[in-house]
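# Coordinate analysis (summary)
In case you want the letters, here they are:
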Amino acid sequence: QNLKTQESSITEKSYTRSDWQEGYQSLNQEFDYWIDDIEGQIPPELQGTLFRNGPGLLDINGQRIHHPFDGDGMISRITFTNGRAHFRNRFVHTEGYLAEKEAGKILYRGVFGTQKPGGWLANIFDFKIKNIANTNVIYWGGKLLALWEAAEPHHLNPYTLETLGREYFNGVLSTGEAFSAHPRLDPSCDQDGGAPCLVNFSIKPGLSTTITIFELNPAGEIVRKHAHSVPGFCFIHDFVITPNYCIFFQNPVIFNPIPLALGIRAAGECIKFQPNQPTRIIVIPRTTKKEQSEVKILETQSGFVFHHVNAFELGDEVLIDSICYESLPEVEPESDFRKVDFEAQSPGKLWRFCLNLKDGTVQQKLIESRCCEFPSINPANVGRPYQYLYIGATHGETGNAPLQALLKIDLESGERQLWSAAPRGFMSEPIFVPRPGSDKEDDGWVLALVYDAAHHRSDVVILDASDFHKSPIARLHLKHHVPYGLHGNFTSE
Ligand code: 3ON
Ligand code: FE
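All figures in this text were calculated on a predicted structure; none of them were measured in a lab. The numbers attached to residues start from 1 for each chain and follow its sequence in the written order. The naming scheme follows written order: chains are lettered A onward, ligands numbered 1 onward. Local features are withheld for residues below a pLDDT of 70 in this predicted model, meaning they are given only at 70 or higher, and side-chain atom pairs are given and counted only at 80 or more; totals for whole chains, interfaces and linings count all residues. Side-chain descriptors were evaluated using all non-hydrogen atoms of the structure, hydrogens and water having been removed beforehand.

## Topic: the sheet that holds strand β28 (residues 405-410)
- Read from one edge to the other, the open sheet built from four strands follows the order β26-β27-β28-β29, with strand pairing classed as antiparallel. Because the sheet does not close on itself, it has two edges, and the strands there are β26 (372-376) and β29 (416-420). The average angle at which neighbouring strand axes cross in this sheet is 25°, direction not considered.
- When DSSP finds two or more bridges between a pair of strands, those strands are recorded as paired. Runs of E in the DSSP output that reach at least two residues are strands. Runs of H or I that reach at least four are helices, and both are numbered from the N terminus. The sheet contact formed by β28 and β29 spans five bridges and is antiparallel. Within β29, the position partnered with L407 by the bridge is L418. A fitted line through C-alpha atoms serves as each axis, taken over the contacting stretch for helices, and the angle formed by two N-to-C directions is quoted from 0 to 180°.

Next up, the structure:
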């Protein structure tokens, strides 16, 4: 049986395109209910809330958007309490969401190719940005924040998910100022005497790029903010931290703004990958002390990175684990994302980069060649040496395909464990939740939403993080699907 499944994954697909496409239908309804259709049992020790964000609308009143990354942010909230679970979802009431709902048509251009109907004439010289708040959601400093990397966060009520307004952190952020969707939580910040701290960044693109670092205390106040200018255009989606550094990968891309200005292409379609240019690794010290704050730029071979897993310091070296693509999957104006040829796209693979900060050299080695994306680790190990990671992966060992499985990697022993939802299940970002009171790194649960095409609904799957080969501890069947999402976080508060 096992051999047969392995063989068939090589010769035939583990999914059908039509199954996969169904997970990209808009979810127009907002729900609020106790989940009562459950296989297995929710561990009573699992207490807290999983918040997820992602595009909830793939069309505006029937007018299709061009790419899921342009879809309006919808928050899902799964609260675990005494062995029960409650589901709620709600759209972020951004200015653009409300205006388009009212108008019943597309009013804004999107970064990833959505255009206002009417051709280039309807889009020429329109640089207005729609803050769609769709990429991540985090609870920090008593506030639930919906994040989108090109503008300010939206502040939500963590219980009702009602939108309360845009968040400026007591005026430290200015109108329209970006706050990325990939904050990192330092569990023990040296500069704050060991208190936890949220570190985030923003990118202000141009001929040279301004990277701003923000550090927030547990009360949610920005206690450090410093800006750095680096040469060239940057498309930087994620970063990593260590106790002393923030590290960015400046992917080799160029930006041609002319088709954007002329209304022919969206901003993201004007970015071109440069396969013959190196990737630059930008290392910015977290300290605000002048004499130690020199920015270092190292070079390595070409490639494109959206997401990093983690980083840590070892003497003069910094190790960084990242998901790398051979090139940037370019978005084309005439294409339909539902018809994407998976096999023609380069798969994301996991690499370890070793930076020597003394001599500026970079070594890299492949950790995992199976296509994977959306990593998660134990939050206690952020910025520190670690052993385990959990990541969405393809069912098959080779090639590119939708994520259908979860892979656990033991970085020390090299052991892999795969749990697959194929053929009709499609995976989203896993989130590791530590078991309360345990300090064993993989003692806890991995939570993920799985789209089940057989029932056109999504399941919340709870895996035992210490053993992916066991069948799931519980599978919670929602009453509906949740469109494939982006990122989320768990809070035990
Ligand atoms: O870089 C410049 C500055 C900037 C902030 C120019 C710019 C216009 C490109 C820009 C804006 C960037 C934005 C708005 C990026 C948004 C990204 C987004 C919503 C999602 C990215 C997701 C990445 C991945 C790898 C998703 C993978 C998904 C799967 C494997 C799905 O199933
Ligand atoms: Fe991301």
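Having seen the model, we can carry on.
## Points about the coordination of the iron ion (ligand 2)
- Coordination partners: N, O, S within 2.8 Å of the metal, 3.2 Å for Na, K and Ca; water not considered, so apparent gaps in a site are possible. At 2.0 to 2.1 Å from the iron ion (ligand 2) lie its protein donor atoms, namely H182 (NE2), H237 (NE2), H307 (NE2) and H487 (NE2).
- Here the metal geometry follows the donor angles, with tetrahedral for four donors whose angles all fall between 85 and 135 degrees, square planar for four and octahedral for six when opposite donors are more than 155 degrees apart and every other angle is between 65 and 115, and irregular for all the rest. Taken together, the four donor atoms coordinating the iron ion (ligand 2) span angles of 94 to 155° at the metal, a pattern that classifies the geometry as irregular.
- In the primary structure, the donors to the iron ion (ligand 2) are separated according to the pattern H-x54-H-x69-H-x179-H. Here the residue H182 occupies a position in the loop between β11 (163-166) and β12 (184-189), and H237 occupies one in the loop between β15 (222-231) and β16 (240-241), the gap between them amounting to 55 residues. Take H182 and H237: they sit in the same class, and that class is buried. A simple rule labels every residue: compare its accessible area, found with a 1.4 Å probe on the protein chains alone, to the largest value its type can have, and call it buried under 20%, exposed over 50%, or partly exposed in between.

## With respect to the packing of aromatic side chains
- Note on aromatic contacts: the rings of Phe and Tyr and the six-membered ring of Trp form a pair at centre separations within 6.5 Å, being stacked when their planes are under 30 degrees apart, edge-to-face when over 60 apart, and tilted otherwise. Counted by the stated rule, this structure contains 26 aromatic pairs.
- Here F91 and Y97 contribute two aromatic rings whose centre-to-centre distance is 5.1 Å and whose plane-to-plane angle is 10°, an arrangement assigned as stacked.
- The class of F91 is buried, set by a relative accessible area of 2%.
- For Y97, a relative accessible area of 6% puts it in the buried group.
- Aromatic pair F201 and F239: ring centres 4.8 Å apart, planes at 55°, arrangement tilted. Residue F201 is located in strand β13 (residues 195-204), and its partner F239 is located in the loop between β15 and β16; the two are separated by 38 residues in the primary sequence.
- A relative accessible area of 1% places F201 in the buried class.
- The class for F239 is buried, based on a relative accessible area of 0%.
- Members of the aromatic cluster, joined through ring pairs, are Y15, W20, Y24, F337, F342, F426, Y451 and Y484.
- Two limits define a charge over a ring: the Lys NZ or Arg CZ must be within 6 Å of the ring centre, and within 35 degrees of the ring normal. When the ring centre of W34 is taken as origin, the NZ or CZ atom of R84, which lies over that ring, is 4.0 Å away.

## Section: the site of ligand 1
- Taken together, 19 residues sit near ligand 1, with F69, T135, E149, C234 and F235 positioned nearest.
- In the environment of ligand 1, an oxygen atom lies 2.8 Å from a nitrogen or oxygen atom belonging to the backbone of C234.
- Using a 1.4 Å probe, accessible areas were evaluated by the Shrake-Rupley method; residue-level cover was limited to the displayed protein chains. Expressed as a share of its isolated accessible area of 790 Å², the protein-covered part of ligand 1 is 87%.
- Looking at the shell around ligand 1, the elements with two or more residues in it are β22 (304-314) and β26. For this description, a residue counts as near a given molecule or strand if any of its non-hydrogen atoms is within 4 Å of it. By the criterion applied in these results, polar contacts are pairs of N or O atoms within 3.5 Å in which, for protein atoms, one can donate a hydrogen and the other can accept it, and in which residues neighboring in sequence qualify only through two side-chain atoms.

## Structural notes on helix α3 (residues 95-103)
- Those residues of α3 not exposed but buried are G96, Y97 and E100. Taken around the axis of α3, the buried residues stretch over an arc of 100°, which confines them to a single face. Away from its buried face, by an angle of more than 90 degrees, α3 presents the exposed residues E95 and E102.
- Contacts: residue pairs with any heavy atoms within 4.5 Å of one another. Each element contacted by the buried residues of α3 is listed here: β4 (59-60) and β7 (84-91). Note that the arc is computed from the directions linking the helix axis to the C-beta atoms.

## A closer look at the pattern of salt bridges
- Any Lys or Arg side-chain nitrogen located within 4 Å of an Asp or Glu carboxyl oxygen qualifies as a salt bridge. Within this structure, the stated rule accounts for 31 salt bridges.
- R286 serves as the salt-bridge partner of E215, at 2.8 Å between the closest nitrogen and oxygen. Remark: R286 occurs in the loop between β20 (279-285) and β21 (296-300) and E215 occurs in strand β14 (residues 208-216); sequence separation between them is 71 residues.
- Look at R286 and you get buried, because its relative accessible area is 1%.
- Residues K440 and D442 are paired through a salt bridge, measuring 3.1 Å at the closest nitrogen-oxygen approach.
- A relative accessible area of 5% places D442 in the buried class.
- One connected set of salt bridges, linked through shared partners, spans D186, D192, E215, R224, R286 and R384.

## Some details on a nonpolar patch on the surface
- Taken together, the side chains of W120, L121, F125, F127, I258, L262 and I264 present a nonpolar region at the surface, about 780 Å² in accessible area.
- Of note, W120 is situated in helix α4 (residues 120-123). Only residues above 30% relative accessible area that lack a salt bridge enter a patch, with like-charged residues linked at up to 9 Å and the nonpolar side chains Val, Leu, Ile, Met, Phe, Trp and Tyr linked at up to 5 Å.

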